[in-house]
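Survey of secondary and tertiary structure
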Amino acid sequence: MKILVTGGAGFIGSNVVDAYIDAGHEVVVVDNLFSGKWENINPDARFYLMDIRADEFMKVLEREKPDVINHHAAQISVPASVEDPRFDTSVNVQGFVNVLECAREAGVKKVIFISSGGAIYGEATEYPTSETYPPQPLSPYAIAKSVSEDYLAFYRHQYGMDYTVLRYANVYGPRQVPHGEAGVVAIFMDRLINRKPCTLYHFEDQPLGMVRDYVFVGDVVKANLKALEAGGGEAFNIGTGVETRTRALFDEIFKAVSSRVDIPGGLAEPATRHARGGDLTQSCLNVSKAEAELGWKPETGLAEGLARTLDWRLAR
Ligand SMILES: NC(=O)c1ccc[n+]([C@@H]2O[C@H](COP(=O)([O-])OP(=O)(O)OC[C@H]3O[C@@H](n4cnc5c(N)ncnc54)[C@H](O)[C@@H]3O)[C@@H](O)[C@H]2O)c1
């Protein structure tokens with residue numbers, strides 16, 4: 001199969017590209033390197049340094065004729081979307097509509113779209129939250145993800161273009177970046193390795209920090225393999241269903257890093273600061289639909305995933 005991965009130089013997209021190539025697929029990457037990196041780009045993929053908003057994107061599709069587009073490219077920061085909603089919309093809504101229009105014109109059969117289970121449900125009352133819970137986005141980033149899912153339903157209804165939505169929880173692992181939804185893993189790990197103090201963001205009534213669902217990138221990649229063949233017209237939560245407070249995450253990372261690096265004991269107590277704009281108090285995903293319909297389930301626990309992330313980080 002020929003697959004075009006937007007954002008394939010980024011943290012998650014590049015891991016997906018590697019897995020698609022390992023599985024024998026032909027892969028094309030489109031990325032403007034806004035947050036992606038040259039070093040992440042698989043040498044066996046054909047790479048176009050290009051913005052998804054560009055008119056030239058159509059020329060790439062005409063030339064490459066992919067069967068599937070896997071759309072990872074995005075402005076990924078929730079706080080940045082609150083500070084500059086115009087920019088967020090230009091990449092995450094207009095950029096995506098450009099991808100869809102070009103895909104339609106080029107006869108692309110399916111789009112795999114990366115949404116955010118960690119953002120679109122807002123302060124959900126169903127918890128862990130399943131896909132039937134109506135999206136209640138509380139940031140421009142989350143609004144853009146939610147409306148993008150509506151566009152996919154429109155393109156399927158109007159033009160018969162198939163899609164699968166993967167709603168990620170907070171993803172961490174090798175090649176992780178500090179700006180994304182699980183950026184806290186990269187930040188805590190990098191700061192502790194460099195023997196710098198950490199800061200824990202929290203709401204007044206949650207001194208141990210917010211609750212999140214941390215899923216390892218290696219597991220997320222497997223969901224992208226499944227979505228090539230299954231899950232047409234559906235959205236799936238891709239997480240673990242396991243709740244982790246920021247303080248527990250910090251302690252786990254501190255334990256992992258201090259077993260490999262000599263860290264002053266004083267750093268075991270992070271400073272605290274009030275939550276930022278767009279932050280949610282809790283988020284955790286029910287992933288039973290992905291298990292039943294995609295045949296996917298998470299396999300990597302937090303301690304193991306953090307150890308593998310630390311191996312990668314220390315090898316750099
Ligand atoms: N990291 C998480 O925890 C998480 C959670 C939920 C959803 N997601 C989604 O997963 C996807 C990948 O995120 P990531 O964490 O790997 O972040 P990332 O920043 O590493 O990846 C995004 C990639 O998109 C590229 N890009 C950005 N704007 C572009 C544009 N206009 N044209 C072309 N390329 C552009 C960047 O250069 C980068 O390579 C995003 O859609 C993000 O919203 C991530």
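Note that this is a predicted model, so its numbers are computed, not measured. (Residues numbered from 1 in each chain as written. Predicted model: local features only at pLDDT ≥ 70, side-chain atom pairs only at ≥ 80, totals over all residues. Heavy atoms only, no water.)

A short note on the pattern of salt bridges
In plain terms, the rule: In the sections that follow, a salt bridge refers to a side-chain nitrogen of Lys or Arg positioned within 4 Å of a carboxyl oxygen of Asp or Glu. Helical segments are the DSSP runs of H or I of at least four residues, strand segments are the runs of E of at least two, and each set is numbered from the N terminus. Relative accessibility under 20% of the residue-type maximum defines a buried residue, over 50% an exposed one, and the middle range a partly exposed one, all with a 1.4 Å probe and only protein chains included.
Evaluation of the coordinates by the stated rule reveals 18 salt bridges. Residue aspartate 18 is joined to arginine 175 by a salt bridge in which the shortest nitrogen-to-oxygen separation is 3.0 Å. Here the residue aspartate 18 occupies a position in helix 1 (residues 11-22), and arginine 175 occupies one in the loop between strand 7 (170-172) and helix 6 (183-193), the gap between them amounting to 157 residues. We classify aspartate 18 as buried; its relative accessible area is 18%. A salt bridge links glutamate 234 to lysine 289; the shortest N-O distance between them is 2.6 Å. Separated by 55 residues along the polypeptide, glutamate 234 in strand 11 (residues 234-238) and lysine 289 in helix 9 (residues 288-294) bring together distant segments of the chain.

Regarding the domain arrangement of the chain
What counts here: Those domain boundaries reflect an automatic or database domain assignment. The contact criterion used is simple: two residues touch if any of their non-hydrogen atoms lie within 4.5 Å. Using a 1.4 Å probe, buried area is obtained as the accessible area two parts lose upon being combined, added over both of them. The term polar contact refers here to a pair of N or O atoms within 3.5 Å; inside protein, the definition further demands a hydrogen-donor-capable atom paired with an acceptor-capable atom, and it admits residues adjacent in sequence only when both atoms are side-chain atoms. All residues other than Ala, Val, Leu, Ile, Met, Phe, Trp, Tyr, Cys, Pro, Asp, Glu, Lys and Arg, Gly among them, are scored as polar; the first ten of these are nonpolar and the last four charged.
On domain assignment, one finds that the chain holds domain 1 (2-171 + 214-239 + 286-294) and domain 2 (183-211 + 244-283 + 302-315). Look at where the C-alpha atoms of domain 1 and domain 2 centre, and you get two points 27 Å apart. In this complex, domain 1 contributes 14 residues to the contact, which on the side of domain 2 involves 17 residues. When domain 1 packs against domain 2, the two sides together hide about 1200 Å² of surface, and 59% of this comes from carbon and sulfur. The largest per-residue losses of area from domain 1 upon contact with domain 2 belong to Tyr127, Tyr214 and Phe216, which jointly make up 51% of the total buried on that side. At the junction of domain 1 with domain 2, the criterion picks out 0 salt bridges. Inspection of the domain 1/domain 2 interface yields 1 residue pair in polar contact (both at pLDDT 80 or more). Residue assignment for the side of domain 1 that touches domain 2 shows that the elements contributing at least two residues are helix 3 (78-83) and strand 10 (214-216). Of all the elements, helix 3 adds the most residues to the side of domain 1 that touches domain 2, at 3 residues. Residues of the side of domain 1 that touches domain 2, tallied by class, amount to 9 nonpolar, 4 polar and 1 charged.

Structural notes on the side chain of threonine 129
If you trace the backbone, threonine 129 turns up in the loop between strand 5 (110-116) and helix 5 (140-159). The buried category is assigned to threonine 129, whose relative accessible area is 3%. Excluding residues that lie within four positions of it along the chain, threonine 129 makes contacts with Tyr121, Ala124, Asn237, Cys284, Leu285 and Asn286.

Some words on the pairing of strand 11
Counted only if it meets this: Two strands qualify as a pair provided that DSSP identifies no fewer than 2 bridges between them.
The buried fraction of strand 11 amounts to 4 of the 5 residues, a majority that puts the element mostly inside the structure. Across 5 bridges, strand 6 (residues 162-168) lies against strand 11 in parallel orientation. Residue pairing across strands places tyrosine 168 opposite isoleucine 238, the latter belonging to strand 11.

Re the site of the ligand
To keep things clear, this is the line we draw: Here a residue is near a molecule or strand as soon as one of its heavy atoms is found within 4 Å of it. Methods summary: accessible areas were calculated by the Shrake-Rupley approach with a probe of 1.4 Å, and residue burial reflects only the protein chains presented.
Not every one of the 32 residues close to the ligand is listed here, only the nearest: Phe11, Asp31, Ser35, Tyr141 and Val171. In the model, an oxygen atom of the ligand is placed 2.8 Å from a nitrogen or oxygen of the phenylalanine 11 main chain. Against a free-state accessible area of 820 Å², the protein chains account for coverage of 99% of the ligand. Going through the elements one at a time, helix 1, strand 5, helix 5 and strand 7 are the ones with two or more residues in the shell around the ligand.

Some details on a nonpolar patch on the surface
Put simply, the rule reads: Here the term patch refers to residues with relative accessible area over 30% and no salt bridge, with like charges joined within 9 Å and nonpolar side chains (Val, Leu, Ile, Met, Phe, Trp, Tyr) within 5 Å.
Taken together, the side chains of Tyr151, Phe154 and Tyr159 make up a nonpolar region of the molecular surface, amounting to roughly 270 Å² of accessible area. Position of tyrosine 159 relative to the elements: it lies in helix 5. The exposure class of tyrosine 159 is partly exposed, given its relative accessible area of 39%.

Regarding the sheet that holds strand 5
To keep things clear, this is the line we draw: Convention adopted: a line fitted to C-alpha atoms gives each axis, helices being fitted over their contacting stretch, and angles between N-to-C directions are expressed from 0 to 180 degrees.
Taking strand neighbours across the sheet as the criterion, the 7 strands line up as 3-2-1-4-5-6-11 in an open arrangement whose pairing is parallel. This sheet does not close on itself; its edge strands, each paired only once, are strand 3 (46-49) and strand 11. Here the strands of the sheet are splayed against their neighbours by 20° on average, with no regard to which way each runs. Sheet topology places strand 5 next to strand 6; 7 bridges connect them, and they run parallel. Across the sheet, residue serine 115 finds its bridge partner in strand 6, namely arginine 167. Docked against the sheet, helix 7 (residues 217-226) engages strand 4 (68-71), strand 5, strand 6 and strand 11, running at close to 165° with respect to strand 6.

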